[in-house]
Amino acid sequence: MKGFPVSENFDSRIYGRVVLKFYNFIVLNISNRLAWGCSTRSVLLPFFQENFSDNHLDAGVGSGYYLERMPFKINQSLTLLDKNEVCLSVAKGKLKKNRPEVICEDLLSPVGRLGNKKFKSISLFYVLHCLQGGMSVKSRVFDYLKRHLDEGGVLYGATILGYEAIHNKFGYQLMRFYNKKKIFCNGLDSAYDLTVELNAHFSEVVVKRVGRVAIFSVRHPKI
Ligand SMILES: C[S@@+](CC[C@H](N)C(=O)[O-])C[C@H]1O[C@@H](n2cnc3c(N)ncnc32)[C@H](O)[C@@H]1O
């Protein structure tokens, strides 16, 4: 593995049941609009839906907000992957009529729990900025997930950029707080480095910036 060491201090257990109750309001409503300048309703949710398929993997499920709002098909296949069992259990509970498969896996040190499964669409929303290490370490996630993408499938997601994105006062305070608490590790994350790492793993890469958030979709893995 190249680059920076990965700190083992970070614990995704921050997303406990109580935090998940407030997550949609605090992160998806308040912070996305007022701190990161990227509306959940008008930007992220439509982007999630545009790429959502009948054979979907959601990596880093959080509260399950986006999935709850997807139009499910009769033959829908849905897999939820997270390192945190509480997130998996909360999201599975909300989506039980769609009978999702649940995989507890650390995206940075996967042990192959996805087996040979392949997906038409894989979402990776607001996970990269939580992961410890530089973008070259975070890109292990691309290396792992690309092996589970169907031919013609799409991996897509969003991540909050670091200080280079010029945050407003509220965003700057949140960045400092979350990075100090190791809830985020994104101070040095740039859209440029993200694009470089995505290009190392995929032949078709689209990265856009909305406010202080990078939104990406990639196809055709380089294996
Ligand atoms: C900020 S939440 C995002 C939730 C959701 N995707 C959204 O956009 O609302 C980050 C999620 O990624 C998960 N996560 C963090 N680090 C992870 C890792 N190394 N492997 C797998 N999941 C991880 C957390 O448990 C949490 O569910």
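Data block above holds the structure.
Residues numbered from 1 in each chain as written. Predicted model: local features only at pLDDT ≥ 70, side-chain atom pairs only at ≥ 80, totals over all residues. Heavy atoms only, no water.

**Some points on the pairing of strand β3 (residues 101-104)**
Bridging between strand β2 (residues 77-82) and β3 involves four bridges; their strand directions are parallel. What sits directly across from leucine 80, in β3, is valine 102. For the handedness criterion, the β-α-β arrangement of β2, helix α4 (residues 85-94) and β3 is classed as right-handed. (Pairing = 2+ DSSP bridges. Helix = DSSP H or I, 4+ residues; strand = E, 2+ residues; numbered from the N terminus. Right-handed = clockwise from strand over helix to strand, strands pointing away.)

**As for the sheet that holds strand β6 (residues 202-210)**
Spatial strand order, β3-β2-β1-β4-β5-β7-β6: seven strands in an open sheet with mixed pairing. Looking along the sheet, the strands with just one partner apiece sit at the ends: β3 and β6. With direction set aside, neighbouring strand axes in the sheet form an average angle of 15 degrees. Pairing between strand β1 (residues 55-59) and strand β4 (residues 119-125): three bridges, direction parallel. (Axes fitted to C-alpha atoms, helices over the stretch in contact; angles between N-to-C directions.)

**Re the environment of glycine 37**
For glycine 37, the position within the fold is in the loop between α1 (17-35) and α2 (40-51). By relative accessible area, glycine 37 is classed as partly exposed at 32%. Expressed as a C-alpha distance, the spacing of glycine 37 and valine 213, which sit 176 residues apart in the sequence, is 7.7 Å. (Buried < 20%, exposed > 50% of the residue type's maximum accessible area, 1.4 Å probe, protein only.)

**So, the pattern of salt bridges**
Applying the stated criterion to the full structure yields nine salt bridges. Ionic pairing is found between arginine 69 and glutamate 68, a salt bridge with its closest N-O pair at 3.5 Å. A relative accessible area of 38% places arginine 69 in the partly exposed class. Two residues, lysine 83 and aspartate 106, come together in a salt bridge whose shortest N-O distance is 3.8 Å. Pair noted here: lysine 83 is in the loop between β2 and α4 and aspartate 106 is in the loop between β3 and β4, with a separation of 23 residues, a long-range link. Residue classification places aspartate 106 among the partly exposed positions, given a relative accessible area of 24%. When salt bridges with common partners are traced through the structure, they connect Glu68, Arg69 and Lys94 into a single cluster. (Salt bridge = Lys/Arg side-chain N within 4 Å of Asp/Glu carboxyl O.)

**Concerning the environment of leucine 88**
Within the element layout of this structure, leucine 88 appears in helix α4. Overall, leucine 88 belongs to the buried group, its relative accessible area being 3%. Placed 14 residues apart in sequence, leucine 88 and valine 102 show a C-alpha to C-alpha distance of 6.7 Å. Setting aside anything within four residues of it in sequence, one finds leucine 88 in contact with Val61, Leu80, Leu81, Asp82, Val102, Ile103 and Cys104. (Contact = heavy atoms within 4.5 Å.)

**A short note on the side chain of arginine 212**
Structurally, arginine 212 is set in the loop between β6 and β7 (213-221). We note that arginine 212 is buried and unpaired, the nearest opposite charge coming from glutamate 164 at a distance of 11 Å. Aside from chain neighbours lying at most four places away, what touches arginine 212 is Ala35, Trp36, Gly37, Thr159, Ile160, Leu161, Ala165, Ile166, His167 and Asn168. (Lys, Arg positive; Asp, Glu negative; His and termini not counted.)

**Observations concerning the environment of glycine 171**
The topology assignment puts glycine 171 in helix α7 (residues 169-180). Separated by 136 residues in the primary sequence, glycine 171 and alanine 35 have C-alpha atoms spaced 4.2 Å apart. Discounting residues that sit within four places of it in the chain, glycine 171 has contacts with Ala35 and Trp36.

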